[in-house]
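Close look at the chain arrangement
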Amino acid sequence: MRAPRSEFGDALPNRSGRAARIARSRRFFRPLLEFSHTTSAGGIVLLAATIVALVWSNVVGVEAYTRFFETKIGLSWGDAGFKMSIRHWVDDFLMSIFFLVVGLEIKRELFMGELSTRRKATLPALAALGGMVIPAGIFLLLNSGQASARAWGIPMATDIAFSLGLLSLLGNRVPTSLKVFLAAYAIVDDLGAILVITLFYSSGVNAMGLLVAAGFLLAMGLLNFMGVRRLFPYMALGLGVWAGIYSSGVHASIAGVLVAFTIPLWVRMDRTAFLERAKASLQEIEEGGSSDEPHLTDEEQYHLGRLERAIENAQFPLQRLENLLHSGVAFVVLPLFALANAGVPLGGGQLGSSLSLGIILGLVFGKPLGIVAFAWLGAKLKLCDLPKHSNWGQIVGVGFLGGVGFTMAIFISNLALDSAAVQNQAKLAILVASGVAAVVGLLIVKLSSRRRFRL
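Residues numbered from 1 in each chain as written. Predicted model: local features only at pLDDT ≥ 70, side-chain atom pairs only at ≥ 80, totals over all residues. Heavy atoms only, no water.

Across its full length, the protein holds 17 helices and 2 strands. The burial tally for the protein puts 46% of its 455 residues in the buried class. Considering only contacts in the protein between residues 6 or more positions apart, those separated by 24 or more positions represent 78%. Roughly 22,900 Å² of accessible area belongs to the protein as shown, and the carbon and sulfur atoms make up 64% of that amount. (Helix = DSSP H or I, 4+ residues; strand = E, 2+ residues; numbered from the N terminus. Buried < 20%, exposed > 50% of the residue type's maximum accessible area, 1.4 Å probe, protein only. Contact = heavy atoms within 4.5 Å. Areas by Shrake-Rupley, 256 points an atom, 1.4 Å probe, with all protein chains shown as cover.)

Structure below.
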């Protein structure tokens, strides 16, 4: 029988059945862990949640589906309390965590990433601008003078998780620079969507709620100024920002973005002292490695903890928070959002209505047209360069992938449209348009990518 091996490939001692059980559990969970670290994993889980929602609403019944997500839950004390439906907890609270991550990504890219210099930012900014203006124009052209015109923001959005996940399916056929371009313009696109939500899809504003939120934000800014780098105080005060924004009438999603911009980006550290501490801890672990147990001793665990604290203190707080939240958002928040909002009755969808046509034409044709036209104009005027190793065929394909609007588009449809029936009509159009844009975009990128790149 083959001896159990550790995650490093060396044979584990088999003094008891414990080592074998550890090895078996690792072999069982390793495929799940490896899957969770793939770029496409979030998109796959999101797609699975969408399919479950569609089956639930169309097979089990839309009444049962709606009744479940309209169930109110919350806290109560005496005659007072705070309760919201499950759907509202997902859309107003959990999605604020999603917008927090989006805000962290925007801040990181603005200060140290693909949007940190004018030359770097010009191409994705122009592409995102075209990808917002043209789809919104097409939608308004078809819905002018109608009540549905209010929903012009729906075809402006790009779903980062889906679009990047789809592009990653092509593996090394796609240069890394093209993936970076897609992520960068999708982030600018998200910033535009956040502004649209804040300015056009918020209800009557309660000034007191905004003052409360501003007070908590000021406190978070002071923490940053004072050099506080622990994340817990920011998260505790962030709940106050959310409560203030929620009570103000401005959509609570903006709270996540505002909180993100107060999180410290940089951390001051003594590089030499950090390296010496890390080396000392590793040396202590190495010298204490006489145990034949398939795990570290208590003393080695102590030195490992010191090393872990040193690494944590050296990491940028913003990056640390983004890493902490990313998996939860990708595998919990967004799938729950899809589960709560994608349960659309497929019968009688009225895809020929002006609302549906505006969404479909805006996402499938307006998005790539705007992205490619504005990117071409920027290159023609020598304001920016194409991503390295890419060609115009790939830019067109990535433009179509920008038409995968799923999460943000559905989110905006919930805010822009009052009737549940009209919302379902818009959501069905979003699903159809996103599916068509995904297939066309992948085919164009694949046909335009002959060379393989080292990833």
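Moving on, we come to unusual backbone geometry. Positive phi, close to 60 degrees, is recorded for Lys382, a residue that is not glycine. By secondary structure assignment, the location of Lys382 is in the loop between helix 14 (354-380) and helix 15 (392-401). Relative accessible area serves as the criterion here: at 68%, Lys382 is assigned to the exposed category. The backbone of His389 sits at a positive phi, close to 70 degrees, despite the residue not being glycine. Looking at the element boundaries, His389 is found in the loop between helix 14 and helix 15. You can call His389 partly exposed: its relative accessible area is 42%.

By size, the foremost hydrophobic cluster in this structure holds 109 residues, and its most contacted members are Phe98, Phe99, Ile154 and Ile359. Take this core: its biggest share by element is 11 residues, from helix 7 (residues 176-200). The contacts of Ile359, once residues within four sequence positions are left out, are Phe139, Ile154, Pro155, Ala426, Ala429, Ile430 and Ala433. (Core = buried A, V, L, I, M, F, W, Y, C linked by side-chain atoms within 4.5 Å.)

Take the packing of aromatic side chains next. In total, this model carries 17 aromatic pairs according to the counting rule given. Ring geometry for Trp56 versus Tyr65: centroids 5.4 Å apart, planes at 85 degrees, classification edge-to-face. Where Trp56 meets Phe68, the ring centres are 5.3 Å apart and the plane angle is 50 degrees; that geometry is what we call tilted. Separated by 12 residues along the polypeptide, Trp56 in helix 2 (residues 41-60) and Phe68 in helix 3 (residues 62-69) bring together distant segments of the chain. (Phe/Tyr/Trp six-rings, centres within 6.5 Å; stacked < 30°, edge-to-face > 60°.)

Axis separation between helix 2 and helix 13 (residues 317-341) bottoms out at 8 Å; the angle between their running directions is 25 degrees. The angle between helix 2 and helix 13 falls in the class roughly parallel. By crossing handedness, the relation of helix 2 to helix 13 is classed as right-handed. Between helix 2 and helix 13, the contacting residues are Ala41, Gly42, Val45, Leu46, Ala49, Thr50, Val52, Ala53 and Trp56 on the first element and Ala330, Phe331, Leu334, Pro335, Ala338 and Leu339 on the second. Broken down by class, the residue content of the contact of helix 2 with helix 13 amounts to 13 nonpolar, 2 polar and no charged. (Axes fitted to C-alpha atoms, helices over the stretch in contact; angles between N-to-C directions. Parallel < 35°, antiparallel > 145°, perpendicular 65-115°, else oblique. Left-handed = near helix turned anticlockwise from the far one by under 90°. Nonpolar A, V, L, I, M, F, W, Y, C, P; charged D, E, K, R; others polar.)

On to the layout of surface pockets. By rolling a water-sized probe across the atoms, one finds the places where empty space is left. Each pocket or cavity is described by its volume, and for the second largest pocket that value is around 600 Å³. What lines the second largest pocket is a set of 25 residues, and nearest its centre among them are Arg87, His88, Asp91, Asn414 and Gln423. For the lining of the second largest pocket, the secondary structure elements donating two or more residues are helix 3, helix 4 (86-112), helix 16 (406-416) and helix 17 (420-448). Of the residues in the lining of the second largest pocket, the class split is 8 nonpolar, 11 polar and 6 charged. (1 Å grid on protein atoms, 1.4 Å probe; cavity = no way out; pocket = protein on both sides within 12 Å on 5 of 7 lines; lining within 4 Å. Points joined across faces, edges and corners; volume = space filled by probe spheres on them.)

In this fold, Val102 is placed in helix 4. In the structure, Val102 is positioned 224 residues away from His326 in sequence and 9.8 Å away in space, judged by C-alpha atoms. With residues near it in sequence (within four places) discarded, Val102 still touches Asp190 and Ile194.

Take helix 9 (residues 232-248) next. The end-to-end C-alpha separation of helix 9 is 25 Å, in line with the 24 Å expected for 17 residues at 1.5 Å each. Along helix 9, the positions that sit buried rather than exposed are Tyr234, Gly238, Gly240, Val241, Trp242, Gly244, Ile245 and Ser248. Residues of helix 9 that are buried in the fold lie against strand 2 (80-85), helix 4, helix 8 (207-225) and helix 10 (253-260). Of the residues trailing helix 9, Gly249 is marked for its positive phi of about 100 degrees. (Expected span 1.5 Å × (residues − 1).)

What follows covers the pairing of strand 1 (residues 72-77). Little of strand 1 is tucked away: 0 of the 6 residues are buried. Bridge count between strand 1 and strand 2: 6 bridges; the pairing is antiparallel. Residue pairing in the sheet places Leu75 in a bridge with Phe82 of strand 2. Here strand 1 folds back onto strand 2, and the loop between the two strands holds 2 residues, one of which, Gly78, carries a positive phi near 65 degrees. (Pairing = 2+ DSSP bridges.)

A separate point is a negative patch on the surface. A surface patch of like charges, here negative, comprises Glu284, Glu286, Glu287 and Glu299. Examining the composition of the negative patch, we find that 3 residues originate from one element, helix 11 (residues 271-287), more than from any other. Examined against the element boundaries, Glu284 turns out to sit in helix 11. A relative accessible area of 35% places Glu284 in the partly exposed class. (Patch = residues over 30% accessible without salt bridge, like charges linked within 9 Å, V, L, I, M, F, W, Y side chains within 5 Å. Salt bridge = Lys/Arg side-chain N within 4 Å of Asp/Glu carboxyl O. Lys, Arg positive; Asp, Glu negative; His and termini not counted. Charge placed at Lys NZ, Arg CZ, Asp CG, Glu CD.)

All right, on to the pattern of salt bridges then. Under the counting rule described, the total for this entry stands at 5 salt bridges. In this structure, Arg87 engages Glu70 in a salt bridge whose closest nitrogen and oxygen atoms are separated by 2.6 Å. Of this pair, Arg87 sits in helix 4 while Glu70 sits in the loop between helix 3 and strand 1, placing them 17 residues apart in sequence. Through salt bridges that share partners, Arg108, Glu109 and Glu322 make up one connected network.

The next thing to look at is the side chain of Asp159. Note that Asp159 resides in the loop between helix 5 (118-143) and helix 6 (160-168). For the buried residue Asp159, which engages in no salt bridge, the nearest side chain bearing the opposite charge is Lys367, 12 Å off. For Asp159, the side chain forms a polar contact with the side chain of Thr407, separated by 2.4 Å. Excluding residues that lie within four positions of it along the chain, Asp159 makes contacts with Leu46, Val404, Gly405, Phe406 and Thr407. (Polar contact = N/O pair within 3.5 Å; in protein donor to acceptor, adjacent residues only side chain to side chain.)

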